[in-house]
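Each chain is listed here by its residues.
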Amino acid sequence: MRLNDVNSDASEAAFGFKATSASLKPVHLTQVVFSNVLGSTHQSEDLFKFVEKPGKTPSSDLDEKYHGLFESSRDLSNEQMDNLRYRMRKVLDNDNALYASSPRHSAMTSMSDWFVAYRRIGVTPSQFIYTVLDESDSDIDQKLTDQLQDHHDAISLLFRPLAKDGEKGNVTVSPWEEPVLGDAFGNGKIADEFVEGFETLSKHLKDSNGDYDLNYARDLRRTIKFGGFLLYVYMANRHNEIRDDGGKDEPVPIVLNYTGNRNNPVADASLESFRVVGSEIQLATRLGVKHVLDLQGYKDYSEEDVLREIENHNFLELNRNKKDKIKQDYEKFEQVFRASRDPEKDTTFHRLVDAVSNIIHDFSNRFDTYTPQSTAQTFAWRAGILKPRGNRANKRRYRPDPEMLEPALLSVIEPGTSMSLQDLSEELRERYGIIVGGTEQDRSHLAEWDIRLGASASESDPLNNQNYEGFKEAVSSLGYAEEYADGVTIVSVPEEEI
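Since this is a predicted model, take the numbers as computed values, not measurements. The residue count restarts for each chain, going from 1 along the sequence in the order it is written. Only residues with pLDDT of at least 70 are given local features in this predicted model, and only at 80 or more are side-chain atom pairs given and counted; all residues enter the totals for whole chains, interfaces and linings. For side-chain calculations, the full set of non-hydrogen atoms in the structure is used, while hydrogens and water are omitted.

## As for the overall build of the protein chain
- Helix and strand counts for the protein chain come out as 20 helices and nine strands.
- Only protein chains enter the accessibility calculation, which uses a 1.4 Å probe; a residue whose area is less than 20% of its type maximum is buried, one above 50% is exposed, and one in between is partly exposed. Per-residue burial for the protein chain yields a buried fraction of 54% across its 498 residues.
- We call two residues contacting when some pair of their heavy atoms lies within 4.5 Å. Considering only residue pairs separated by 6 or more positions, the protein chain has 70% of its internal contacts joining residues 24 or more positions apart.
- Computed with the Shrake-Rupley method and a 1.4 Å probe, the accessible areas treat only the protein chains shown as cover for residues. Element-wise, carbon and sulfur atoms account for 42% of the exposed surface of the protein chain, whose accessible area totals about 22,500 Å². What counts as a helix is a DSSP run of H or I of at least four residues, what counts as a strand is a run of E of at least two, and both are numbered from the N terminus.

Written as structure tokens, this is what we have:
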């Protein structure tokens, strides 16, 4: 039994993709989603050779073909070439995109497809996002294609040579297969909410008005940010969709903390909702582990079979060389297997599934597995959903970056329409589980997930007062909310944004 393989296969069975990458970033989603939209990629060997550190290979030593390869590099002195190469490298280095997949391949970092190359990290999560986008009946796919093929922005001009000499290859967009533990799309599924969200968001994206009037990087950012948001919320709600008892009526709550600090009831509820998401993703993975072990025939093992394999060190394939370390790992596994809460009721297979799942999620990382739970949490702070950022941060809370919050808002508000801030809050809660205050069902929604929100030392209802006010300020700062004399705040988006 290879734990890493079980972990990977379990996530695919539960979520429909391998959510076991410590490196997943929004730039990887961009790379794959946009290459799927375009249906093509470009080789980037020449680009990487050109942007190699000038200190390592000065322009005077660079192959002569590179001096004329780039329109922006023609007739430059060696010193000017060095400066240009340095600046181009800075552009590609954005968000570690220069080496996003491997030392020889780059990722999409702007609205150009010139340097979209091979797809490696984040392929299957991105295929899910592309499938959600493709399920939309809107023209979002065409709008994105038009933008990505319009190369008159400054970044594209800088990297124009790939249009001239870069080898281009077609991308075969493999159809995304829904997870075996239950369809991702269907009535009441969170993925359907995101299909509708993409349809609404597409109405906010620009249409082409001519050959030189389309470049609008903000639209591409909105698309990817919304994709990152939906990936996290989809994983959070997956267990509720596939659990045997039918699950809860409301989506997993995500309490956005706009109180300004981390020491109050709202902050506690936000932290608790973060923990609930982690627990739900872990439980979904456990169902995947159960499915994988059943396929591998472990349901037929007796307790004696399991203990014998443990004693003979035949049960697990471990990344260990020292015998004492291997012995310690097997002793740890045996302890977890024997620690059933009710051995008389729990079957051997049930206990084995629990043991394997618990070992995979062992936070000491003794067994060298990177779980979907860790993937989702790490991605969330990298994408700007969680604060504070970083691997060592504690007391995390949900407070999305403005550029992450904006597409979520635009996914529920039609262009040229208005709604009260309270109605917007209700729409976000019902569709995505986002709770900011302002609705009558906030507390009952939280209670369904065993999250209690008490009073603070200074006010009886900090969620509907302090936090709701903070959310109003966040929406206002994006330019979408206005408070009137009667105290009602109206959220509106113009028909055509300037």
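More follows now that the structure is in view.
## Looking at the packing of aromatic side chains
- In this analysis, rings of Phe, Tyr and Trp, with Trp reduced to its six-membered ring, are considered paired at centre separations within 6.5 Å, and the interplanar angle assigns stacked below 30 degrees, edge-to-face beyond 60, and tilted for intermediate values. Tallying each qualifying case throughout the model produces 21 aromatic pairs.
- Ring plane angle 55° and centroid distance 5.8 Å describe the contact between tyrosine 258 and phenylalanine 471, whose orientation is recorded as tilted. Residue tyrosine 258 is located in the loop between strand S3 (254-255) and helix H12 (265-295), and its partner phenylalanine 471 is located in helix H20 (residues 463-477); the two are separated by 213 residues in the primary sequence. Grouping residues by exposure puts tyrosine 258 and phenylalanine 471 together as buried.
- Taking 5.8 Å as the distance between ring centres and 75° as the angle between the ring planes, the aromatic pair formed by tyrosine 298 and phenylalanine 315 counts as edge-to-face. Within this pair, whereas tyrosine 298 is found in the loop between H12 and helix H13 (303-311), its partner phenylalanine 315 is found in the loop between H13 and helix H14 (323-338), the two being separated by 17 residues in sequence.
- Residue classification places tyrosine 298 among the buried residues on the basis of a relative accessible area of 10%.
- With relative accessibility at 2%, the residue phenylalanine 315 sits in the buried group.
- Grouping aromatic residues by their ring pairs yields a cluster made of Phe15, Phe17, Phe128, Trp176, Phe185 and Tyr234.
- The ring of tryptophan 449 carries lysine 248 above its face, with NZ or CZ at 5.3 Å from the centroid.
- Positioned above the aromatic ring of phenylalanine 337 is the side chain of arginine 351, whose terminal nitrogen or guanidinium carbon lies 4.6 Å from the ring centre. Here, a charge over a ring is recorded when the distance from Lys NZ or Arg CZ to the ring centre is within 6 Å and its angle to the ring normal is within 35 degrees.

## A few points about the pattern of salt bridges
- Basic side-chain nitrogens of Lys or Arg form a salt bridge, by our definition, when they fall within 4 Å of a carboxyl oxygen of Asp or Glu. Counted by the stated rule, this structure contains 32 salt bridges.
- As a salt-bridge pair, lysine 18 and aspartate 9 come within 3.6 Å of each other at their nearest N and O atoms.
- Taking relative accessible area as the criterion, lysine 18 reaches 35% and is therefore assigned partly exposed.
- With relative accessibility at 33%, the residue aspartate 9 sits in the partly exposed group.
- Among the ionic pairs, glutamate 403 bridges to lysine 225, the shortest N-O distance being 3.1 Å.

## Some thoughts on the sheet that holds strand S6 (residues 418-420)
- At least two bridges found by DSSP between two strands is the condition for calling them paired. With antiparallel pairing, three strands are arranged side by side in an open sheet as S6-S9-S8. The open sheet is flanked by S6 and strand S8 (481-483), the only strands paired with a single partner. Each strand of the sheet is rotated relative to its neighbour by a mean of 25°, with strand direction disregarded.
- Looking at chain direction, S8 and strand S9 (residues 489-492) are connected through three bridges and run antiparallel. Convention adopted: a line fitted to C-alpha atoms gives each axis, helices being fitted over their contacting stretch, and angles between N-to-C directions are expressed from 0 to 180 degrees.

## Side note on the environment of lysine 472
- Note that lysine 472 resides in helix H20.
- Apart from residues lying up to four places away in sequence, lysine 472 is in contact with Leu421, Glu483 and Thr489.

## A short note on helix H11 (residues 217-242)
- With 26 residues, H11 should cover 38 Å at 1.5 Å per step; its first-to-last C-alpha distance of 37 Å lies within 8% of that length.
- Judged by how many residues are buried, H11 sits mostly within the fold: 23 of 26 residues are covered. Multiplying 1.5 Å by the residue count of a helix minus one yields the expected span of that helix.

## Describing H13
- Here H13 has its buried residues at Val306, Leu307, Glu309 and Ile310. In an axial view of H13, the angular spread of the buried residues amounts to 160°, which keeps them on one side of the axis. Among the exposed residues of H13, those oriented more than 90 degrees off its buried face are Glu304 and Glu311.
- Looking at the buried positions of H13, the neighbouring elements they touch are H14 and helix H15 (348-360).
- Following H13 by one or two positions, histidine 313 has its phi on the positive side, about 55°. Directions from the helix axis toward the C-beta atoms define the arc.

## Quick notes on the side chain of arginine 351
- Relative to the elements of secondary structure, arginine 351 occurs in helix H15.
- In this structure arginine 351 touches Glu303, Phe337, Arg338, Ser340 and Asp346, once residues within four positions along its chain are discounted.

## Remarks on unusual backbone geometry
- A cis amide bond links lysine 387 to the next residue, proline 388, at an omega of -10°.
- For proline 388, the location among the structural elements is in the loop between strand S4 (386-387) and strand S5 (397-398).
- Residue histidine 313 is not a glycine yet carries a positive backbone phi of 55°.
- Relative to the helices and strands, histidine 313 resides in the loop between H13 and H14.

Read these as geometric descriptors, not functional statements.
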